[in-house]
Amino acid sequence: MKEDRRQFLKNAGKLLVLAGSAAVAWPYIREERAQDAPGYQTDAHWWGMVIDVDKCIGCGTCVRGCKAENDVLLTPQTSRTWVERYVVDPDDMDHPRVDSPNAAYDGFPDPGPQEKPLKTFYVPKLCNHCEHSPCVQVCPVGATFESPDGVVLVDKSYCLGCRYCIQACPYGCRYIDPRTETVDKCTLCYHRITKGLTTACCEVCPTGARALGDLKNPKDPIHKFLLENKVLVLKPQMATGSKTWYKGLDGAVR
Amino acid sequence: MKYRFGDYQHVLRMAGIFALGTTAFFVFRAVMVPKDFGVYGHYRAGALKDNADRQIQYAGHAACVDCHSEIQQMRSGGKHAGIGCESCHGPLARHAAGQMSGAPEKPNNRDTCLRCHTARPSKPAGFPQIIPADHAREGACTACHPAHNPKV
């Protein structure tokens with residue numbers, strides 16, 4: 001009799017633990033949480049980008065590619081990616097001249113003759129897909145978010161167009177799409193990367209100045225790039241957890 | 001005026017209104033908040049699918065090479081070997097999917113080249129650049145430099 005009771009208590013305990021874990025797991029199973037698109041595991045990726053400043057030739061092919069891929073309006077204010085030309089006077093490094101005519105959609109015009117030698121280079125810009133995005137933190141309705149695979153996205157059906165996030169982004173990566181009056185930004189070509197393709201800008205960049213990387217994939221060349229090069233994110237003092245690393249970035253770049 | 005313990009009707013009325021308001025709030029909230037809000041975080045989980053469901057415009061290099069292997073052969077080892085086909089040829093996902101009738105338009109063989117190869121002081125020093133006015137005023141670049149495997 002005594003043995004039976006011990007056995008009963010043991011079994012009851014096991015059952016309780018099993019039932020408990022099943023109860024915890026059930027909502028996740030029901031929501032199909034891990035699987036959003038067939039063949040794509042949302043939590044098996046962690047996307048970022050590396051940019052080699054010394055390879056950028058300012059041709060603007062990335063800008064044209066992005067606008068064609070994502071149906072972005074052709075005005076300079078509405079650009080998900082753009083290229084900036086820096087002209088730095090070595091005697092006044094704190095005040096670089098920066099321009100980006102038409103977001104570099106047509107490349108860059110000839111700057112004309114200079115009276116003295118100036119340091120000059122191109123810097124491609126896009127959403128940095130920060131891990132701790134200031135833009136996400138200020139959204140009052142949960143219309144923008146960091147996805148489980150590390151991409152900062154916008155829910156256009158939820159966005160009010162209040163523009164808080166545009167002010168919060170330290171990199172100037174957001175704008176209002178005048179067609180919908182909702183905010184728009186780089187999605188890291190979410191519709192492409194979830195299907196095994198690279199982003200449109202990386203696909204068309206003729207010099208390989210930018211490369212998409214999956215930080216959760218140990219075989220991705222991004223690990224080698226980050227290991228072998230001295231890299232920097234934009235505005236590291238803002239602790240945004242930016243996942244866009246620049247190689248060869250000059251201190252004058254903001 | 002004598003205080004009477006039985007005078008609590010006004011409190012009940014207030015409590016009733018409060019209970020009704022609270023119920024109305026939770027009912028309204030349950031109706032308005034989408035079912036998938038908060039599955040991953042403070043946002044609608046369906047927004048991931050919305051973002052992933054866009055139409056692709058650039059087929060990607062691998063899709064081009066699938067059919068045009070002879071061009072890939074021609075390019076290999078050359079200075080343009082690393083460039084995606086659609087960098088010059090434009091977005092051709094519909095062509096790759098067989099939804100486009102006829103051959104896609106060929107890129108302009110002067111403007112396309114000059115977009116990258118026009119000399120600018122901001123370009124990296126090692127990049128091959130020309131001043132069009134000095135190098136060749138007009139004509140197709142491809143007359144001397146075959147686009148898929150250019151010789152300098």
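Residues numbered from 1 in each chain as written. Chains lettered and ligands numbered in written order. Predicted model: local features only at pLDDT ≥ 70, side-chain atom pairs only at ≥ 80, totals over all residues.

1. Focus on the overall build of chain A
Okay, so step 1: Scanning chain A for helices and strands turns up 7 helices and 13 strands.
Okay, so step 2: The C-alpha atoms of chain A give a radius of gyration of 24 Å, which is well past the 18 Å a tight globule of 254 residues would have.
Okay, so step 3: Considered along the principal axes of its C-alpha atoms, chain A spans approximately 105 × 45 × 30 Å.
Okay, so step 4: Split into buried and exposed, the 254 residues of chain A put 41% on the buried side.
Okay, so step 5: Across chain A, the fraction of contacts at a sequence separation of at least 24, relative to all contacts at a separation of at least 6, is 64%. (Helix = DSSP H or I, 4+ residues; strand = E, 2+ residues; numbered from the N terminus. Rg over C-alpha atoms; globule rule 2.2 N^0.38 Å. Buried ≥ 20, exposed ≤ 12 C-beta atoms within 10 Å, placed from the backbone. Contact = placed C-beta atoms within 7 Å.)

2. Things to note about the domain arrangement of chain A
Okay, so step 1: Splitting chain A by domain gives domain 1 (2–33) and domain 2 (43–247).
Okay, so step 2: Put simply, the middle of domain 1 of chain A and the middle of domain 2 of chain A, counted by C-alpha atoms, are 49 Å apart. (Domains from an automatic or database assignment.)

3. A word on the interface of chain B and chain A
Okay, so step 1: Chain B puts 33 residues into the contact, and the matching count from chain A is 40 residues.
Okay, so step 2: Mapped onto the side of chain B that touches chain A, the elements with two or more residues apiece are helix H2 (46–52), helix H5 (85–89) and helix H7 (111–117) of chain B.
Okay, so step 3: Ranked by residues supplied to the side of chain B that touches chain A, first place goes to H2(B) with 6 residues.
Okay, so step 4: Grouping the amino acids of the side of chain B that touches chain A by side-chain chemistry returns 14 nonpolar, 10 polar and 9 charged. (Nonpolar A, V, L, I, M, F, W, Y, C, P; charged D, E, K, R; others polar.)

4. A few points about the sheet that holds strand S5 (residues 92–99) of chain A
All names here are of chain A.
Okay, so step 1: One open sheet accounts for 3 strands, arranged S5-S4-S6; its pairing is antiparallel. The sheet terminates laterally at S5 and strand S6 (119–126), the two strands that pair on one side only. Pairwise comparison of adjacent strand axes, ignoring direction, gives a mean angle of 30° for this sheet.
Okay, so step 2: By the bridge criterion, 4 bridges tie strand S4 (residues 81–89) to S5 in an arrangement that is antiparallel. (Pairing = 2+ DSSP bridges. Axes fitted to C-alpha atoms, helices over the stretch in contact; angles between N-to-C directions.)

5. Digging into unusual backbone geometry
Residues and elements named next belong to chain A.
Okay, so step 1: Phi at Ala-103 is positive, roughly 60°, even though this residue is not glycine.
Okay, so step 2: Structurally, Ala-103 is set in the loop between S5 and S6.
Okay, so step 3: What makes Ala-103 buried here is the crowd of 24 C-beta atoms within 10 Å.
Okay, so step 4: The backbone phi angle of Ala-104 is positive, close to 70°, even though this residue is not glycine.
Okay, so step 5: Given 27 C-beta atoms within a 10 Å radius, Ala-104 is considered buried.

6. Description of the sheet that holds strand S11 (residues 210–214) of chain A
Hydrogen bonding along the main chain pairs the strands of a sheet, whether they run parallel or antiparallel.
Residue and element names in this part refer to chain A.
Okay, so step 1: Strand order in the open sheet formed by 4 strands is S11-S3-S13-S12, with mixed pairing between adjacent strands. The strands lining the two open edges of the sheet, one partner per strand, are S11 and strand S12 (231–232).
Okay, so step 2: One ladder, built from 2 bridges, connects S12 with strand S13 (residues 244–247); its direction is antiparallel. Across the sheet, Val-231 pairs through a bridge with Lys-247, a residue of S13.

7. Some remarks on the environment of A:Glu228
Residue and element names in this part refer to chain A.
Okay, so step 1: Within the secondary structure, Glu-228 sits in helix H7 (residues 222–228).
Okay, so step 2: The exposure class assigned to Glu-228 is exposed, which follows from the 9 C-beta atoms found within 10 Å.
Okay, so step 3: As for Glu-228 and Val-83, which are separated by 145 residues in sequence, their C-alpha atoms are 25 Å apart.

8. Here we look at the confidence of the model for chain B
Residue and element names in this part refer to chain B.
Okay, so step 1: In the predicted model, chain B carries a mean pLDDT of 92, and 98% of its residues have values of at least 70.
Okay, so step 2: When mean pLDDT is taken per element in chain B, H5 scores highest with 96 and helix H8 (residues 132–135) scores lowest with 93.
Okay, so step 3: For this predicted complex, the interface confidence score (ipTM) comes to 0.86, while the overall pTM stands at 0.85. (pLDDT = per-residue confidence, 0-100.)

9. What about helix H1 (residues 9–32) of chain B?
Okay, so step 1: Over its 24 residues, H1(B) extends 34 Å from the first C-alpha to the last, a length consistent with the 34 Å expected when each residue adds 1.5 Å.
Okay, so step 2: Summarising burial for H1(B): 0 of the 24 residues are buried, a small minority. (Expected span 1.5 Å × (residues − 1).)

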